[in-house]
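The lines below spell out each chain.
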Amino acid sequence: MLELDKKVFGKITTKEIIGADPPEIPDTKENLEKELATLLSQLESSSKENLEKLLEEQKIAEDHINTRPGAMALAQNKIKLFNEYSKKYTQRIKEKLES
């Protein structure tokens, strides 16, 4: 299923967020933390147009994770973690766009 291999947060795929592996703690949290640091460092050299594109892509990724059929039966803690980190990332993009 290609949809499971869709990247939703840096290099992190749908499968890693909604699947049983990797476990939420410590792996998923550590992976999200590392990706957030990488993504934030890349923002420094991004143009306004690229920032707007990143913001739109992240919104699509959030919708992709949060509107999956049967989402309530999936790894809710990992989905919550994803949402927390995605919000941190989108907030930083918005701040950069406003500066």
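Residues numbered from 1 in each chain as written. Predicted model: local features only at pLDDT ≥ 70, side-chain atom pairs only at ≥ 80, totals over all residues. Heavy atoms only, no water.

This part covers the overall build of the chain. A tally of regular secondary structure across the chain gives 4 helices and 2 strands. In sequence order, the secondary structure elements of the chain are arranged as β-β-α-α-α-α. When its C-alpha atoms are laid out on the principal axes, the chain stretches across 40 × 25 × 20 Å. Each of the 99 residues in the chain was classed as buried or not, and the buried ones make up 36%. For the chain, long-range pairs separated by at least 24 residues make up 70% of all intrachain contacts whose partners lie at least 6 apart in sequence. Total accessible area on the chain stands at roughly 6,200 Å², and carbon and sulfur atoms take up 53% of it. Positive and negative charge centroids in the chain, built from 17 and 19 side chains respectively, lie 1 Å apart. (Helix = DSSP H or I, 4+ residues; strand = E, 2+ residues; numbered from the N terminus. Buried < 20%, exposed > 50% of the residue type's maximum accessible area, 1.4 Å probe, protein only. Contact = heavy atoms within 4.5 Å. Areas by Shrake-Rupley, 256 points an atom, 1.4 Å probe, with all protein chains shown as cover. Lys, Arg positive; Asp, Glu negative; His and termini not counted. Charge placed at Lys NZ, Arg CZ, Asp CG, Glu CD.)

Among the nonpolar cores identified, the biggest contains 20 residues, and Phe9, Ile17, Leu32, Leu43, Ile65 and Tyr89 are the most heavily contacted of them. Secondary-structure elements contributing two or more residues to this core are strand E1 (7-9), helix H1 (14-18), helix H2 (24-43), helix H3 (48-66) and helix H4 (76-98). Per element, the largest residue contribution to this core is 6 residues, and it comes from H4. Ignoring anything within four residues of it in the chain, the contact list for phenylalanine 9 reads Leu32, Glu35, Leu36, Leu39, Gln58, Phe82, Tyr85, Ser86 and Tyr89. (Core = buried A, V, L, I, M, F, W, Y, C linked by side-chain atoms within 4.5 Å.)

A few words now on the environment of threonine 67. The residue threonine 67 is located in the loop between H3 and H4 in this model. You can call threonine 67 exposed: its relative accessible area is 59%. Distance from threonine 67 to aspartate 27, taken between C-alpha atoms, is 24 Å for residues 40 residues apart in sequence. There is a polar contact of 2.4 Å between the side chain of threonine 67 and the backbone oxygen of aspartate 63. (Polar contact = N/O pair within 3.5 Å; in protein donor to acceptor, adjacent residues only side chain to side chain.)

A separate point is H3. The end-to-end C-alpha distance of H3, which contains 19 residues, comes to 27 Å, matching closely the 27 Å that a straight helix rising 1.5 Å per residue would cover. Those residues of H3 that fall on the buried side of the exposure criterion are Leu51, Leu54, Gln58, Ala61, Glu62, His64 and Ile65. When H3 is viewed along its axis, its buried side chains cluster within an angular range of 155 degrees and face the same direction. Looking at H3, the residues exposed on the side facing more than 90 degrees away from the buried face are Lys48, Glu49 and Lys53. Considering only its buried residues, H3 is in contact with E1, H1, H2 and H4. (Expected span 1.5 Å × (residues − 1). Arc of directions from axis to C-beta.)

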